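As a plain string of letters, each chain reads:
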Amino acid sequence: MEKDALAPREAPAMQRKRIAFASYMYILLYIVISSGQIFFNKWLLSSNHFNFPFPVSLTLIHMVFSSVLCFVVIHVFKLVPLPQGMTLEIYATSVFPIGAMFAMTLWLGNSAYLYISVAFAQMLKAIMPVSVFLLGAAFGLESLTLRMMFIMSVISFGVLVASYGEINFNWIGVIYQLGGVVGESMRLILIEIMLKRKGLKLDPLTMMYYVSPCSAFCLFIPWLLLEKPKMDSSTHWNFDVVVVSLNALCTFALNISVFLVISSTSALTIRVAGVVRDWIVVLVSGLVFLDTTLTPINIIGYVIAIFGVVMYNKHKLKPVQAASQEELLPVLQGK
């Protein structure tokens, strides 16, 4: 009798453990795939390795591949339902600009790998909260408080110190990387303004389903004008259908891992996991690529920047925690 009485209590506990274990596995999967994708892209583009130095072409392949696979997952296997409310007007005025910014982000971010090391590129990406905050303030989404200005100053100072300590500093690579950061910041702002305010919520998979074709279209024009002539005039580059397809598949798998993490935890977990991922990439890249040389000033600057990023994430988490507590309060009072 006692065993029968304990069984119902043990079942929810075991279920919670299974859910927690699955969540940790999804987070680990995200960190491994996202780190591997960064290394894979660098390896493909680098003339010292695979030697396919065409970032627009690579990004265009990614977007076409994602468009096809998202269509198969959603329409053929019907694993993810499409949200209600998407209209041609919203697609043209909201989704397309987001797709253009996404194309810009990937194009410029991948181009940076031709000029700077993976580690330094990740250090520069730490400036992302500053870019998002300043653009958000310009669009009326953020308030210029003293606390936020202090956090932005800490992040900016850390990135400046890390840049000062970079041995293989290259302005072209820095401009490309910072341009990618601005593109990603604009994408996030546009999602907030154009989609969320219209009541349309998209998970990472449905977002890629709608955005990938737009990004592919936006990338096709610069590819036709800038990279195709270079590809036609030069024979000193490599292309392997299997390798490039595997790279594109990894990009799609990354979006799947983001979907799994957010579905089982929260969007904030992705931010925290992203910080861990960035540290892994910075440290491991020194062992993988010869163009990466980490200096003590690099590390000190990056530590300062990451400290600011953690402060930023914590500050952003407070309203979410408060809202969760308000939702739980009536339930607790009912008990």
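Our structure is the block above this text.
Note that the coordinates shown come from a computational prediction; the quantities given were computed from them, not determined experimentally.

Trainee: Can you lay out the environment of Leu141 for me, pointing to particular residues and giving the numbers?
Mentor: By the secondary structure assignment, Leu141 is in the loop between helix H5 (128–138) and helix H6 (146–164). By relative accessible area, Leu141 is classed as partly exposed at 27%. Beyond its immediate chain neighbours, meaning those up to four positions away, Leu141 contacts Gly136, Ile189, Glu192, Ile193 and Arg197.

Trainee: If you had to explain unusual backbone geometry to someone new, which residues and values would you point to?
Mentor: Even without glycine at this site, Asn51 takes up a positive phi of about 70°. Take Asn51: it is sitting in the loop between helix H1 (2–45) and helix H2 (55–76). Phi angles above zero are rare outside glycine, and Lys78 is one such case at about 55°. Residue position: Lys78 is located in the loop between H2 and helix H3 (88–112). For Lys78, a relative accessible area of 63% translates into the label exposed.

Trainee: Explain the side chain of Glu227 to me, using residue names and the numbers behind them.
Mentor: Tracing the backbone shows Glu227 in helix H8 (residues 204–233). Buried Glu227, no salt bridge; nearest opposite-charge side chain is Lys230, N-O distance 6.4 Å. From its side chain, Glu227 meets the backbone nitrogen of Val56 in a polar contact 3.0 Å long. Setting aside anything within four residues of it in sequence, one finds Glu227 in contact with Phe54, Pro55, Val56, Ser57 and Pro222.

Trainee: So, helix H7 (residues 171–195): which residues are in play, and what are the values?
Mentor: Since the α-helix advances by 3.6 residues per turn, residues separated by three or four positions end up pointing in the same direction. Over its 25 residues, H7 extends 35 Å from the first C-alpha to the last, a length consistent with the 36 Å expected when each residue adds 1.5 Å. With a side-chain oxygen positioned 2.9 Å from the backbone nitrogen of Ile172, the residue opening H7 is Asn170.

Trainee: Give me the packing of H3 against H8: which residues, what numbers.
Mentor: Direction vectors running N to C along H3 and H8 enclose 55°, while the axes themselves pass 7 Å from each other. As the angle between them shows, H3 and H8 are arranged oblique. In the packing of H3 onto H8, the handedness of the crossing is right-handed. Residue-level contacts link Tyr91, Val95, Phe96, Ile98, Gly99, Ala100, Phe102, Ala103 and Trp107 of H3 to Met208, Tyr210, Val211, Pro213, Cys214, Ser215, Phe217, Cys218, Leu219, Pro222 and Leu226 of H8. For the contact of H3 with H8, a count of residues per class yields 18 nonpolar, 2 polar and no charged.

Trainee: Give me the packing of aromatic side chains: which residues, what numbers.
Mentor: Across all of its chains, the model carries 15 aromatic pairs by this definition. Summarising the aromatic geometry, the rings of Tyr209 and Tyr210 are spaced 5.0 Å apart at their centres and angled 70° between planes, so their arrangement reads as edge-to-face. The same class applies to Tyr209 as to Tyr210, namely buried. One aromatic cluster is present, built from ring pairs that chain together Phe52, Phe54, Trp237 and Phe239.

Trainee: Please provide a residue-by-residue account of the layout of surface pockets, values included.
Mentor: Of the volumes computed, that of the second largest pocket is approximately 470 Å³. Together, 23 residues line the second largest pocket, and Leu45, Pro53, Ser111, Leu114 and Tyr115 are the ones closest to its centre. At the level of secondary structure, the elements contributing two or more residues to the lining of the second largest pocket comprise H1, H2, H3 and H8. At 3 residues, the largest contribution of residues to the lining of the second largest pocket is made by H8. Partitioning the lining of the second largest pocket into residue classes produces 14 nonpolar, 5 polar and 4 charged.

Trainee: How would you sum up the nonpolar core? Please name residues and give values.
Mentor: One finds Val118, Ile151, Met152, Ile155, Val159 and Leu195 to be the most contacted residues of the largest nonpolar core, which totals 74 residues. Within the second largest apolar cluster, 9 residues are counted, among which are Ile31, Ile33, Val258 and Ile270.

Trainee: Can you break down the side chain of Ser285 residue by residue, with the values?
Mentor: Position of Ser285 among the secondary structure elements: in helix H10 (residues 267–288). Accessibility expressed as a relative area gives 0% for Ser285, which makes it buried. Setting aside anything within four residues of it in sequence, one finds Ser285 in contact with Phe39, Val118, Ala119, Ile280 and Thr292.

Thresholds applied
- Residues numbered from 1 in each chain as written.
- Predicted model: local features only at pLDDT ≥ 70, side-chain atom pairs only at ≥ 80, totals over all residues.
- Heavy atoms only, no water.
- Helix = DSSP H or I, 4+ residues; strand = E, 2+ residues; numbered from the N terminus.
- Buried < 20%, exposed > 50% of the residue type's maximum accessible area, 1.4 Å probe, protein only.
- Contact = heavy atoms within 4.5 Å.
- Lys, Arg positive; Asp, Glu negative; His and termini not counted.
- Salt bridge = Lys/Arg side-chain N within 4 Å of Asp/Glu carboxyl O.
- Polar contact = N/O pair within 3.5 Å; in protein donor to acceptor, adjacent residues only side chain to side chain.
- Expected span 1.5 Å × (residues − 1).
- Axes fitted to C-alpha atoms, helices over the stretch in contact; angles between N-to-C directions.
- Parallel < 35°, antiparallel > 145°, perpendicular 65-115°, else oblique.
- Left-handed = near helix turned anticlockwise from the far one by under 90°.
- Nonpolar A, V, L, I, M, F, W, Y, C, P; charged D, E, K, R; others polar.
- Phe/Tyr/Trp six-rings, centres within 6.5 Å; stacked < 30°, edge-to-face > 60°.
- 1 Å grid on protein atoms, 1.4 Å probe; cavity = no way out; pocket = protein on both sides within 12 Å on 5 of 7 lines; lining within 4 Å.
- Points joined across faces, edges and corners; volume = space filled by probe spheres on them.
- Core = buried A, V, L, I, M, F, W, Y, C linked by side-chain atoms within 4.5 Å.

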